[in-house]
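Examination of the molecular architecture
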Amino acid sequence: MTRCKNCMRTLALALTLVLSLSISVPARAAVDETNAHRLNALGLFLGTGSGYDLGGSATRLHGIIMLTRMLGEEDAALSFDGPCPFSDVAAGKPSAYTGYAFAQGYTTGVSATTFNPGGTLSFKHYITFLLRALGYDDGAGDFTFAASLDKAVEIGMMTRASADCILQKQYALYRGDLVDLSVSALTTPLADGSATLAESLAKKGVFTWEEGRAQGLIGGGQESYVHSSLRNTGAPKPEQSASSGAVSRVTKTYALPSGSVSADVITVDTSAPGVSVRAAMVNQKLGASAPFSSIVSASGADVIVNANFFAAYSGQDKFPVGHVMADGTFLYGVSGLTSFGFTGSGAVYVGRPAVFFYVRGGGNSWACYEMNSKTQGSDLSVVYTPAFGGSVPIKIDGTATTVAGGVITDVRTVTAGETVAIPADGYVMVFGNDFTSTSWYREPAVGTSVTLTPGLTDSDTSGFPMEEITAMVSGGPRLVENGAICTTLEPGFQEARFTSAVTSRTALGKLADGKLVIVSTGSASIQQLRELMLQLGCVEAVNLDGGGSTALAYQGKLIRSPGRELTTTLQIFTH
């Protein structure tokens, strides 16, 4: 017990230095520090040089430190003398924590050599850590990363209302949330029901039973986490912190070299407290559509705009074009187009991310080139999730591998014309015969526990931090790239409607300071849209779906109504 507490006290200086390098967060109103005091008394949570900093962002390094403490393995981490593969982690205790966590399989870096220790930690990431500390195994199918909040609700660690508001509004995780979630986990029974997490730590000597009881974490009953937006005290409330200037709208006529254009221009400080960006697909299902007015009334967002192109005409399947990620989960993944990606902390990334969908387990890895694409080929691999539907029609001869609950349940040869059911809690991988004939392919084995995660290919140059991206939409053609007009037309965007036609259009842009710009106009050519985005100060910009799909709502009012039902939208929340 003494050695463990001494280690924790020694860590205080190092942790203070690490946190001083983290992304700064605007000053916030005083919050309830009760839970921070409780954890501090047990040596589980240390402050910074200026207090607990409950309004500060929770970082990736901080999450690893808390995980090792919640597992009762801090002594082992601090005495770890193995290598740390990450060059961006400071030597000493930060290196020991991350090296130990990597060696134990608790975490991986953002690449083979980098960890991004100061990167923001999301609710899904930290709750996944806590569930593992409680003995739940996502590799064995106890839960999934995407549904980690649902699992927390199921075991009483979090209220349903809290999970819903976090997922809907994409709230960032603050140190105050980390503290409150940790308290909830400590009072929650382990997966095997043998004890609570606090009781198990007392058995390991992390603190005494008397100390645990004194803080109400042993014998006091389970304490379910409630998000600060649903109570009057606690961690910072993003919706109360958002300034009125975080989102602004200007409607005017802009004089451009190729002619004047009237447009609605909305500027969003996506990093401002309380602001969140969400991509949404009707019913989270491919092919589903709804009137824009219905989407607006059901959303509650401050700004809603149409997003990806889709097969919109009569008799077509209404599938999107390009990547779509909603609430941190890919619904559709086909690389090649310019995408806007948004992190939970409000960072905006623009590029053409080359994404594979990796299924890993049993020492093997299978790379699926696309997700939920109807295109199948002998040399391709595609993964199908419930967003695609209840089953997938097979168009080629090959192999279908079914995963349910995180475990491979079926591997079989298929031929064109068959149909394979997609489990509600899993997915199906379809491999063409040429793909399975490659030297790197390994036959999947029934009973293997696997995970499905998106990742960038080795040749990718976009730099999207895939672990942090929570929303993504795509479009084309690209309008502005690296601060200059881009006239390159990607394949599929060379028709007259993308060159000379004058029609209603929608565009997204990124300013040099990171702010998001949304433009909606009733009449413009692609060249005029390029010039407008550049004039507005965009260093990156892309054209989204337009014509009969052009839609914009601002503060609940329909500014521009589309001529058809929509499938995918981008939504901005400020509360």
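Structure: see above.
Residues numbered from 1 in each chain as written. Predicted model: local features only at pLDDT ≥ 70, side-chain atom pairs only at ≥ 80, totals over all residues. Heavy atoms only, no water.

Some remarks on helix 5 (residues 93-103)
With 8 of its 11 residues buried, helix 5 lies for the most part within the structure. Where helix 5 is concerned, the buried positions are Pro-94, Ser-95, Ala-96, Tyr-97, Thr-98, Gly-99, Tyr-100 and Ala-101. A positive backbone phi angle near 80° is found at Gly-105, which sits one or two residues after helix 5. (Buried < 20%, exposed > 50% of the residue type's maximum accessible area, 1.4 Å probe, protein only. Helix = DSSP H or I, 4+ residues; strand = E, 2+ residues; numbered from the N terminus.)

A few points about the pairing of strand 8 (residues 348-351)
In terms of strand pairing, strand 7 (residues 338-343) meets strand 8 through 4 bridges, oriented antiparallel. Residue pairing in the sheet places Ser-339 in a bridge with Gly-351 of strand 8. Hairpin remark: strand 7 followed by strand 8, antiparallel, with 4 residues in the connecting loop; positive phi at Gly-346, about 100°. (Pairing = 2+ DSSP bridges.)

Description of the nonpolar core
In terms of nonpolar packing, the biggest core is built from 63 residues, with Phe-45, Tyr-126, Met-158, Leu-181, Leu-186 and Phe-207 touching the most fellow members. Per element, the largest residue contribution to this core is 7 residues, and it comes from helix 6 (residues 123-133). With residues up to four places along the chain from it excluded, the contact list for Phe-45 reads Ala-36, Leu-39, Asn-40, Tyr-52, Leu-54, His-62, Met-66, Arg-69, Arg-175, Leu-178 and Val-179. Membership of the second largest hydrophobic core comes to 26 residues, among which are Ala-246, Leu-516, Val-542 and Ile-572. (Core = buried A, V, L, I, M, F, W, Y, C linked by side-chain atoms within 4.5 Å. Contact = heavy atoms within 4.5 Å.)

Re the side chain of Ser-474
Tracing the chain through its elements places Ser-474 in strand 19 (residues 469-475). Separated by 3.0 Å, the side chain of Ser-474 and the backbone nitrogen of His-323 make a polar contact. The contacts of Ser-474, once residues within four sequence positions are left out, are Asn-308, Val-321, Gly-322, His-323, Leu-337, Thr-338, Ser-339 and Leu-544. (Polar contact = N/O pair within 3.5 Å; in protein donor to acceptor, adjacent residues only side chain to side chain.)

Digging into the side chain of Glu-73
Tracing the chain through its elements places Glu-73 in the loop between helix 3 (60-70) and helix 4 (74-78). For the buried Glu-73, no salt bridge is present, and the opposite-charge side chain at shortest range is Lys-204, 5.2 Å distant. Excluding its chain neighbours within four sequence positions, the residues that come into contact with Glu-73 are Thr-68, Tyr-100 and Tyr-106. (Lys, Arg positive; Asp, Glu negative; His and termini not counted. Salt bridge = Lys/Arg side-chain N within 4 Å of Asp/Glu carboxyl O.)

Side note on the sheet that holds strand 1 (residues 247-254)
Ordered by their spatial adjacency, 7 strands build an open sheet running 1-2-23-22-24-20-21, and the pairing between neighbours is antiparallel. The open sheet has two edge strands with one neighbour each: strand 1 and strand 21 (484-485).

Some remarks on the packing of helix 3 against helix 9 (residues 175-186)
Where helix 3 contacts helix 9, the axes come no closer than 12 Å and their chain directions differ by 15°. By the angle between their directions, the pair helix 3 and helix 9 is classed as roughly parallel. Judged by the sense of rotation from one axis to the other, the crossing of helix 3 with helix 9 is right-handed. Across from His-62, Met-66 and Met-70 in helix 3, the residues of helix 9 making contact are Arg-175, Leu-178, Ser-182 and Leu-186. Split into classes, the residues belonging to the contact of helix 3 with helix 9 amount to 4 nonpolar, 2 polar and 1 charged. (Axes fitted to C-alpha atoms, helices over the stretch in contact; angles between N-to-C directions. Parallel < 35°, antiparallel > 145°, perpendicular 65-115°, else oblique. Left-handed = near helix turned anticlockwise from the far one by under 90°. Nonpolar A, V, L, I, M, F, W, Y, C, P; charged D, E, K, R; others polar.)

Focus: the sheet that holds strand 26 (residues 557-560)
One open sheet accounts for 5 strands, arranged 3-27-4-25-26; its pairing is antiparallel. Pairing within the sheet leaves two strands with one partner each, and these edge strands are strand 3 (276-281) and strand 26. Pairs of neighbouring strands in the sheet enclose a mean axial angle of 20°, with direction left out of account. In this structure, strand 4 (residues 303-306) lies alongside strand 25 (residues 552-554), joined through 3 bridges in antiparallel fashion. Across the sheet, the residue bridging to Ile-304 is Ala-553, located in strand 25.

Considerations on the packing of aromatic side chains
Applying the stated rule across the entire model yields 21 aromatic pairs. Taken together, a centroid distance of 5.3 Å and an interplanar angle of 40° make the contact between Phe-86 and Phe-115 tilted. One end of the pair, Phe-86, is in the loop between helix 4 and helix 5; the other, Phe-115, is in the loop between helix 5 and helix 6, and 29 residues separate them in sequence. Neither residue differs from the other here; Phe-86 and Phe-115 are each classed as buried. Judged by centre distance (5.1 Å) and plane angle (85°), the rings of Phe-330 and Phe-357 are edge-to-face. With a gap of 27 residues between them, Phe-330 in strand 6 (residues 329-332) and Phe-357 in strand 9 (residues 355-361) connect regions that are remote in the sequence. Of the two residues, Phe-330 and Phe-357, neither departs from the other in class, the shared state being buried. Through a chain of ring-to-ring contacts, the aromatic side chains of Phe-356, Tyr-358, Tyr-369, Phe-431, Phe-435 and Tyr-441 assemble into a single cluster. (Phe/Tyr/Trp six-rings, centres within 6.5 Å; stacked < 30°, edge-to-face > 60°.)

Looking at unusual backbone geometry
With the exception of glycine, the majority of residues adopt a negative phi angle, and the majority of peptide bonds are in the trans configuration. The omega angle of the peptide bond from Gly-476 to Pro-477 is -5°, so this bond is cis rather than trans. Within the secondary structure, Pro-477 sits in the loop between strand 19 and strand 20 (478-481). One non-glycine residue, Gln-170, adopts positive backbone phi at about 50°. By the secondary structure assignment, Gln-170 is in the loop between helix 8 (160-169) and helix 9. Owing to a relative accessible area of 11%, Gln-170 belongs among the buried residues under this scheme. The residue Gln-284 is not glycine, and still its phi comes out positive at about 55°. Mapped onto the fold, Gln-284 is located in the loop between strand 3 and helix 13 (292-299).

What to know about the pairing of strand 14 (residues 398-404)
Across the 7 residues that make up strand 14, a large majority, 6, are buried. With antiparallel pairing between neighbouring strands as the criterion, strand 14 and strand 15 (residues 407-414) make up a hairpin whose turn holds 2 residues, including Gly-405 at a positive phi of roughly 60°. With 7 bridges connecting them, strand 14 and strand 17 (residues 426-432) associate as antiparallel partners. By the bridge assignment, Thr-402 is partnered in strand 17 with Val-428.

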